[in-house]
Amino acid sequence: MNARGEIDYGTPGVPKGTQSVGAGSLCVPGTPLCRQVTVKLEIDGLAVSVPAGTSLLRAAAEAGVMVPKLCATDSLKAFGSCRLCLVEIEGRKGYPASCTTPAEAGMKVRTQSPKLAELRRNVMELYISDHPLDCLTCSANGNCELQTMAGVVGLREVRYGAGEASLGENHFTDVVRDESNPYFSFDPGKCIVCNRCVRACEEQQGTFALTISGRGFDSRVTAGQDESFMDSECVSCGACVNACPTATLMEKTIIDKGQAEHSVTTTCAYCGVGCGFRAEMQGTEVVRMVPWKDGRANEGHACVKGRFAWGYATHPDRITKPMIRAKIGDPWREVPWDDALAYAASEFRRIQARHGRNAVGAIVSSRCTNEEDYLVQKLVRTAFGNNNVDTCARVCHSPTGYGLKQTLGESAGTQTFKSVEQADVIVVIGANPSDGHPVFASRLKRRVREGAQLVVIDPREIDLVSSPHIKAAHHLKLKPGTNVAVLSAMAHVIVTEGRVDSAFVAERCEARAFAEWREFVARPANSPEALEAASGVPAADVRAAARLYAGAGNAAIYYGLGVTEHSQGSTAVIAIANLAMATGNVGREGVGVNPLRGQNNVQGSCDMGSFPHELPGYRHVSDTLTREMFERDWGVEIQPEPGLRIPNMLDAALDGSFLGLYCQGEDPAQSDPNTHHVVAALSAMECVVVQDLFLNETAKYAHVFLPGASFLEKDGTFTNAERRISRVRGVMPPLAGMADWEVTMALANALGYAMHYEHPSRIMDEIARLTPTFAGVSYDKLERAGSLQWPCNEAAPEGTPTMHVDEFVRGKGRFLITQYVPTDEKVTRRFPLLLTTGRVLSQYNVGAQTRRTANTDFYGADLLEIHPHDAEERGIRDGDRVGIESRAGSTTLPATITERVQPGVVYTTFHFPESGANVITTDNSDWATNCPEYKVTAVQVSRLSGA
Amino acid sequence: MNPDTLIRMANQIGTFFEAMPDREQAVKDVASHLRRTWDPRMRTQLLSTLGGAGEAKLKPLVRDAVIALRQADSA
Ligand code: SF4
Ligand code: SF4
Ligand code: SF4
Ligand code: FES
């Protein structure tokens with residue numbers, strides 16, 4: 001069902017620049033041979049011009065002529081089954097379906113005639129003859145395409161009942177509804193077998209969970225092998241529900257509450273894909289979240305989290321009153337906002353008076369908006385007067401910031417998500433997009449189905465290695481902690497086999513650094529053969545993958561936390577950038593270095609100066625000119641020295657030199673490694689202020705609790721992994737009376753530093769004023785453009801989809817030597833297995849939100865994956881509860897036996913606090929950024945007695 | 001802060017730059033990394049390992065970088 005008020009053009013638009021003008025030549029966008037060819041035709045007497053390849057149905061719709069249709073929708077390729085969209089074309093016989101007929105130059109098309117009207121009425125009559133006529137009480141009432149089409153074609157009578165059923169009944173009426181999915185229901189009695197759901201699952205989502213079984217009159221939609229939706233391979237993305245023109249597939253919230261009366265465009269607050277949504281509302285109540293067709297990050301698609309798991313926003317666990325307590329053992333006391341803020345401010349000031357101004361700091365949330373993040377770092381640098389501000393990017397993508405800045409010159413990914421549509425070879429390393437970045441995974445899988453080759457580098461057999469119609473050309477199943485070995489070995493192959501793009505390197509990169517790097521990677525010690533023992537990857541596979549990558553027209557690398565969360569995280573990011581530069585795979589569509597960011601606004605929080613050494617726009621605090629600019633604007637002196645990072649804050653707390661923390665929307669007690677250490681550090685602090693939706697694990701050690709606001713309760717912007725700045729729009733008032741930016745502002749004022757913004761747009765104005773890469777960003781422009789990719793300034797007023805086009809941001813690209821160094825976290829007799837961690841589709845990070853939704857129906861507990869061989873050695877059976885012990889601590893989990901993991905490696909998720917995954921992770925961290933080494937922990941696993 | 005933690009972190013930085021062919025530049029790079037990313041209290045503590053028991057635990061490259069930092073500080 002389309003979102004309220006959106007126009008459905010019937011078939012997808014033809015992407016710009018996809019028409020080849022040279023016969024038989026390849027269409028490479030941006031080249032002279034690849035231009036848009038426009039055709040001119042006439043529809044109902046109107047002169048229309050559209051890109052060649054556009055369907056008549058769409059051409060008409062773009063001209064405002066809506067041809068009736070049922071099996072077509074603009075998110076899917078035309079199918080041509082319902083025969084409702086028939087038209088007449090002058091000089092042609094018959095009545096072709098406009099959805100499957102491309103517009104041609106000079107055509108004269110008629111969409112209305114007595115004959116067409118009769119044909120359409122006949123079609124509708126057949127449909128309706130087998131459809132229950134309970135429109136008044138149907139959940140789709142008011143937003144049903146079947147009903148609308150019946151009206152449009154003027155259906156006035158239905159002369160017969162179909163099959164054995166009589167009029168007003170469907171012959172599947174006695175087939176029970178499938179209510180198994182917590183979010184949508186499937187009522188076969190309303191199905192018109194238009195196939196839209198099946199195609200949505202295939203084309204948009206790429207899961208292939210649905211089929212039409214049976215023939216003719218007995219055709220029906222089936223999930224899996226005639227299973228319930230819940231038992232099938234369905235991943236609850238909701239694409240089929242969106243595509244369904246009837247009430248057959250329907251959101252349960254709509255069944256419960258009815259259709260929305262208005263909608264507001266906003267951005268998902270879960271992952272770094274940053275999908276655009278239309279929040280469909282009844283007053284201030286959300287009734288449904290529909291993926292936004294014009295959202296450029298998602299183009300009308302979504303995953304189970306953004307689409308359905310938003311109920312946490314009104315969960316009874318929400319804390320809506322500020323609370324304080326003198327000691328962490330005391331009970332909480334609810335107090336008015338002013339009292340809580342005054343108490344927090346006085347505590348921070350007391351600590352600073354006693355222990356110096358550097359004894360306090362803040363953690364900025366990568367879940368909050370850019371404007372909120374900006375304000376927290378501003379508060380630290382002005383009201384606190386130091387640089388002790390860090391963000392949870394520290395524990396995920398800080399190596400990306402460092403590695404890409406050093407090599408390419410900017411701490412961000414190089415492409416748009418859409419760029420994957422031009423890639424010929426796609427390398428996915430240390431990322432599991434089908435779970436972590438599902439909507440991007442759908443785009444990637446579509447490209448692979450079109451013929452692009454896929455290389456997966458991961459210790460575990462992630463879904464992408466082999467899923468319906470997807471088979472990776474190579475899966476380099478490396479040992480955890482050996483990314484740098486494999487990447488250097490790939491570089492060795494490229495250099496020693498003469499596969500370097502010498503022209504690109506000569507023109508675009510520093511010659512000396514390249515020569516040093518080439519000499520280094522060419523050493524025999526970096527050959528795939530020499531590194532095979534360390535990485536566990538057969539040399540021949542590394543060679544083949546390197547050849548594939550270097551030999552592609554367009555090759556793109558996508559990576560995630562499996563690259564960054566290592567002691568050599570930054571080195572691996574550098575190694576990736578080296579590969580891309582050496583093969584000339586930077587600076588155009590279809591290529592690039594693409595970090596898949598974990599959280600919705602991790603890019604933004606980094607951009608906003610949330611690091612202790614950088615002001616907004618990644619400018620170092622020691623840079624006098626930058627500092628002076630901020631000092632003039634903010635009216636304070638800014639310290640020129642870097643402040644403490646999160647792990648340093650914790651160490652300093654135990655040391656007695658850091659005693660006050662303002663923690664916005666973060667939960668280090670659950671999310672940071674070595675929980676014992678984190679808890680000891682938090683307990684040693686004198687004032688911990690937690691601002692959050694829920695009483696999280698960290699709040700157990702807090703003295704002040706400030707209620708947070710969900711993304712539905714505030715205005716602002718998020719910046720996704722493509723550097724895309726998108727608007728977040730409040731649809732309901734903040735439950736606790738204040739949005740997060742207002743709370744930070746009030747805290748700054750309580751601390752004696754005056755902050756006054758009437759609206760987040762004013763904060764963005766200040767950001768734009770002070771940050772060259774944001775100079776052209778404003779809410780007005782975002783309103784017009786929908787979203788903008790930074791840099792957005794005078795040089796690029798509409799933003800920058802692809803970076804480093806003619807030259808690198810730093811001028812010449814810089815190769816850096818990446819020596820593989822094994823992690824200190826070694827397996828021993830006592831700890832013989834390596835534990836690595838990841839996420840599942842339905843849960844999100846520490847789970848504070850998704851655990852408070854029906855997503856727990858899909859995944860209700862963390863599990864430990866263990867290889868059958870390792871399980872057997874330990875006498876572990878599937879489902880047994882097992883103990884896991886590392887050098888840092890121990891915990892227990894239920895085991896699941898699977899060959900997804902290799903022998904010697906175990907794997908778990910970290911969504912449930914009771915699992916204590918981070919009790920066992922250690923303090924090891926990336927050399928450059930202190931990003932924790934979550935991905936490698938030496939452990940022993942044993943069956944618990946009595947299990 | 002625990003001096004061993006700081007020494008370990010500094011040595012990790014040293015390990016990355018050790019691979020660079022130009023040692024003089026590598027010393028500068030380690031020193032610059034420490035100056036640009038470490039909070040002053042951490043640097044001061046690291047500097048205080050010089051002349052003490054901790055000094056021997058520093059990789060030679062890191063030791064030279066720390067000495068360079070000290071010289072720059074006193075200049
Ligand atoms: S919800 Fe998504 S995965 Fe499930 S059947 Fe529908 S389209 Fe397929
Ligand atoms: S369930 Fe909906 S989309 Fe699927 S075939 Fe039936 S009517 Fe069409
Ligand atoms: S892919 Fe990410 S941004 Fe998109 S709906 Fe899912 S969680 Fe939200
Ligand atoms: S809409 Fe064209 S055949 Fe169904």
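Now for a look at the structure at hand. These figures come from a predicted structure and were not determined experimentally.

**Topic: the overall build of chain A**
Working step 1: Secondary structure assignment for chain A yields 29 helices and 36 strands.
Working step 2: Oriented by its inertia axes, the alpha-carbon framework of chain A measures out at about 90 × 70 × 65 Å.
Working step 3: Here chain A, with 947 residues, has 65% of them falling under the buried criterion.
Working step 4: Sequence-distant contacts in chain A: of pairs separated by 6 or more residues, those separated by 24 or more amount to 72%.
Working step 5: Accessible surface, chain A: about 32,300 Å² in total, of which carbon and sulfur atoms supply 51%.
Working step 6: In chain A, 94 side chains carry a positive charge and 110 a negative one; their mean positions are 3 Å apart.

**A few points about the site of ligand 3**
Residues and elements named next belong to chain A.
Working step 1: As a structural note, the neighbourhood of ligand 3 is formed by Cys268, Tyr270, Cys271, Val273, Gly274, Cys275, Phe277, Cys303, Lys305, Gly306, Pro438 and Val439.
Working step 2: For the shell around ligand 3, the secondary structure elements donating two or more residues are helix H7 (304–308) and helix H12 (438–449).
Working step 3: Classifying every residue of the shell around ligand 3 by side-chain character gives nine nonpolar, two polar and one charged.

**A look at the interface of chain B and chain A**
Working step 1: Contact residues are listed per partner, giving 24 residues for chain B and 33 residues for chain A.
Working step 2: Between chain B and chain A the total buried area reaches about 2,300 Å² when both faces are included, carbon and sulfur atoms providing 54% of it.
Working step 3: Counting the surface chain B buries against chain A, the share from its top three residues, Met1, Phe16 and Arg41 of chain B, is 27%.
Working step 4: At the surface where chain B touches chain A, the tally comes to three salt bridges.
Working step 5: Across the salt bridge formed by Asp824 of chain A and Arg8 of chain B, the nearest N and O atoms sit 3.5 Å from each other.
Working step 6: Linking chain B with chain A are 10 residue pairs in polar contact (both at pLDDT 80 or more), by the criterion used here.
Working step 7: If you list the elements that add at least two residues to the side of chain B that touches chain A, you get helix H1 (3–18), helix H2 (23–37) and helix H3 (40–47) of chain B.
Working step 8: Partitioning the side of chain B that touches chain A into residue classes produces 11 nonpolar, six polar and seven charged.

**Describing the site of ligand 1**
Residues and elements named next belong to chain A.
Working step 1: Taken together, Phe184, Cys201, Gln205, Leu210, Phe229, Cys234, Val235, Ser236, Cys237, Gly238, Ala239 and Cys240 form the complete shell of residues around ligand 1.
Working step 2: At the level of elements, helix H4 (196–205) and helix H5 (239–243) are the ones that each hand at least two residues to the shell around ligand 1.
Working step 3: Looking at the shell around ligand 1, its residues break down into nine nonpolar, three polar and no charged.

**As for the sheet that holds strand S20 (residues 474–476) of chain A**
Residues and elements named next belong to chain A.
Working step 1: The parallel open sheet is built from five strands, whose spatial order is S20-S17-S16-S21-S22. Each having just a single partner strand, S20 and strand S22 (592–595) make up the two edges of the open sheet. Going across the sheet, the axis of each strand differs from the next one's by a mean of 15°, ignoring polarity.

**Section: the side chain of Asp672 of chain A**
Residue and element names in this part refer to chain A.
Working step 1: By the secondary structure assignment, Asp672 is in the loop between helix H23 (668–671) and helix H24 (675–684).
Working step 2: Of the polar contacts made by the side chain of Asp672, one reaches the side chain of Ser671; its length is 3.0 Å.
Working step 3: When neighbours within four sequence positions are excluded, Asp672 is seen to be in contact with Val395, Ile646, Val678, Asn918 and Tyr934.

**A closer look at the environment of Leu57 of chain A**
Residue and element names in this part refer to chain A.
Working step 1: Assignment of secondary structure puts Leu57 in helix H1 (residues 56–62).
Working step 2: Sequence separation of Leu57 and Val67 is 10 residues, and the distance between their C-alpha atoms is 6.5 Å.
Working step 3: Leu57 has contacts with Tyr9, Gly10, Thr11, Val67, Lys69, Ala72, Cys85, Ser98 and Cys99, leaving out every residue within four places of it along the chain.

**Regarding the pattern of salt bridges**
Working step 1: All chains considered together, the criterion is met by 65 salt bridges over all chains.
Working step 2: Of the charged contacts in the structure, one is a salt bridge between Glu55 of chain B and Arg63 of chain B, with a shortest N-O distance of 2.6 Å.
Working step 3: With a relative accessible area of 18%, Glu55 of chain B lands in the buried category.
Working step 4: Its relative accessible area of 30% is what places Arg63 of chain B among the partly exposed residues.
Working step 5: Taken together, the shared-partner salt bridges in this structure form one network comprising Glu497, Arg499, Glu529, Arg543 and Arg547 of chain A.

**As for unusual backbone geometry**
Residue and element names in this part refer to chain A.
Working step 1: Residue Trp790 is joined to Pro791 through a cis peptide bond whose omega torsion reads 0°.
Working step 2: Even without being a glycine, Val193 presents a positive backbone phi close to 50°.
Working step 3: In this structure, Val193 sits in the loop between strand S5 (184–186) and H4.

**Points about the sheet that holds strand S3 (residues 88–89) of chain A**
Residue and element names in this part refer to chain A.
Working step 1: The strand order across the open sheet formed by four strands is S2-S1-S4-S3, and the pairing between neighbours is mixed. Each edge of the open sheet carries a strand with a single partner, namely strand S2 (46–51) and S3.
Working step 2: Strand direction decides the pairing type here: strand S1 (residues 38–43) and S2, joined by six bridges, are antiparallel. The residue of S2 that forms the bridge with Leu41 is Val48.

**Observations regarding the packing of helix H13 (residues 483–496) of chain A against helix H16 (residues 528–535) of chain A**
Between two packed helices, the angle of one axis relative to the other and the distance separating the axes together describe the packing.
Residue and element names in this part refer to chain A.
Working step 1: Closest axis-to-axis distance for the H13/H16 pair is 9 Å, and the angle between their directions is 165°. The angle between H13 and H16 falls in the class roughly antiparallel. Like other packed secondary-structure pairs, H13 and H16 cross with a definite hand, here left-handed. Within the contact between the two elements, H13 uses Ala485, Val486, Ala489, His492 and Val493 and H16 uses Pro528, Leu531 and Ser535.

**Some thoughts on the packing of aromatic side chains**
Working step 1: Enumeration over the complete set of coordinates arrives at 22 aromatic pairs over all chains.
Working step 2: With 4.2 Å between their ring centres and 15° between their planes, Trp927 of chain A and Phe16 of chain B make a pair best called stacked. Pair noted here: Trp927 of chain A is in the loop between helix H29 (917–920) and strand S36 (937–943) and Phe16 of chain B is in helix H1, and the two residues belong to different chains. Neither residue differs from the other here; Trp927 of chain A and Phe16 of chain B are each classed as buried.
Working step 3: Aromatic pair Phe16 of chain B and Phe17 of chain B: ring centres 5.0 Å apart, planes at 90°, arrangement edge-to-face.
Working step 4: The residue whose ring lies beneath Arg508 of chain A is Phe808 of chain A, and the NZ or CZ to ring-centre distance is 4.6 Å.

**Comments concerning the pairing of strand S28 (residues 716–719) of chain A**
Residue and element names in this part refer to chain A.
Working step 1: Along S28, one buried face is formed by Gly716 and Phe718 and the opposite face, lined by Thr717 and Thr719, is buried too.
Working step 2: Inspection of the sheet shows S28 paired to strand S29 (residues 724–728) by four bridges, in the antiparallel sense. Bridging from a neighbouring strand, Phe718 pairs with Ser726 of S29.
Working step 3: Taken together, S28 and the strand that follows it, S29, pair antiparallel across an intervening segment of four residues, in which Arg723 is found at a positive phi of about 65°.

**Some words on H2 of chain B**
Working step 1: Taking 1.5 Å per residue, 15 residues should reach 21 Å; H2 of chain B reaches 21 Å between its end C-alpha atoms and fits that length.
Working step 2: Listed as buried for H2 of chain B are Ala26, Val27, Asp29, Val30, Ala31, His33, Leu34 and Thr37 of chain B.
Working step 3: Taken together, the buried residues of H2 of chain B touch helix H10 (398–407) of chain A together with H1, H3 and helix H4 (60–74) of chain B.
Working step 4: Near the N-terminus of H2 of chain B, the side chain that reaches the backbone nitrogen of Glu24 of chain B, with its oxygen 3.2 Å away, is that of Asp22 of chain B.

Cut-offs used in this document
- Residues numbered from 1 in each chain as written.
- Chains lettered and ligands numbered in written order.
- Predicted model: local features only at pLDDT ≥ 70, side-chain atom pairs only at ≥ 80, totals over all residues.
- Heavy atoms only, no water.
- Helix = DSSP H or I, 4+ residues; strand = E, 2+ residues; numbered from the N terminus.
- Buried < 20%, exposed > 50% of the residue type's maximum accessible area, 1.4 Å probe, protein only.
- Contact = heavy atoms within 4.5 Å.
- Areas by Shrake-Rupley, 256 points an atom, 1.4 Å probe, with all protein chains shown as cover.
- Lys, Arg positive; Asp, Glu negative; His and termini not counted.
- Charge placed at Lys NZ, Arg CZ, Asp CG, Glu CD.
- Near = heavy atom within 4 Å.
- Nonpolar A, V, L, I, M, F, W, Y, C, P; charged D, E, K, R; others polar.
- Buried area = accessible area lost by both parts, 1.4 Å probe.
- Salt bridge = Lys/Arg side-chain N within 4 Å of Asp/Glu carboxyl O.
- Polar contact = N/O pair within 3.5 Å; in protein donor to acceptor, adjacent residues only side chain to side chain.
- Pairing = 2+ DSSP bridges.
- Axes fitted to C-alpha atoms, helices over the stretch in contact; angles between N-to-C directions.
- Parallel < 35°, antiparallel > 145°, perpendicular 65-115°, else oblique.
- Left-handed = near helix turned anticlockwise from the far one by under 90°.
- Phe/Tyr/Trp six-rings, centres within 6.5 Å; stacked < 30°, edge-to-face > 60°.
- Lys NZ or Arg CZ within 6 Å of the ring centre and 35° of its normal.
- Expected span 1.5 Å × (residues − 1).

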